[in-house]
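Coordinates in review
Here is what each chain is made of, one letter per residue.
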Amino acid sequence: MKKQGFTMIMFVLLVAVTILATGCAAPGLTKDEVHRRHVDTWDTRKLQLQDDIDAWLMIDRPSRLSRMYVR
């Protein structure tokens, strides 16, 4: 019984040390990579906003009106 408790404590300590030493194990990003990611995010949001405005103004689809005058 004591051996299981000791093993459990050692396992928890090992996991805690590993987590503290490696963090989330995510690779670090350079300043340029972060900037590029932010620019891409803003561009995507801008295009989505433009699509929403076009849909609201109903200019996102071709017109059904004829190009010829009807008299």
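This report concerns the structure included in the present document. (Residues numbered from 1 in each chain as written. Predicted model: local features only at pLDDT ≥ 70, side-chain atom pairs only at ≥ 80, totals over all residues. Heavy atoms only, no water.)

1. As for the pattern of salt bridges
- Summed over all chains, the structure comprises one salt bridge.
- Residue Asp60 pairs with Arg61 through a salt bridge whose shortest N-O separation is 3.7 Å.
- Accessibility expressed as a relative area gives 43% for Asp60, which makes it partly exposed. (Salt bridge = Lys/Arg side-chain N within 4 Å of Asp/Glu carboxyl O. Buried < 20%, exposed > 50% of the residue type's maximum accessible area, 1.4 Å probe, protein only.)

2. What to know about helix H2 (residues 31-56)
- Relative to the 38 Å expected for 26 residues at 1.5 Å per residue, H2 spans 38 Å between its end C-alpha atoms, a close match to the ideal helical length.
- The positive-phi residue at the C-terminal boundary of H2 is Met58, with phi of around 60 degrees. (Helix = DSSP H or I, 4+ residues; strand = E, 2+ residues; numbered from the N terminus. Expected span 1.5 Å × (residues − 1).)

3. Regarding the environment of Arg37
- Along the chain, the position of Arg37 falls in helix H2.
- Sequence separation between Arg37 and Val70 is 33 residues, and the spatial gap between their C-alpha atoms is 52 Å.

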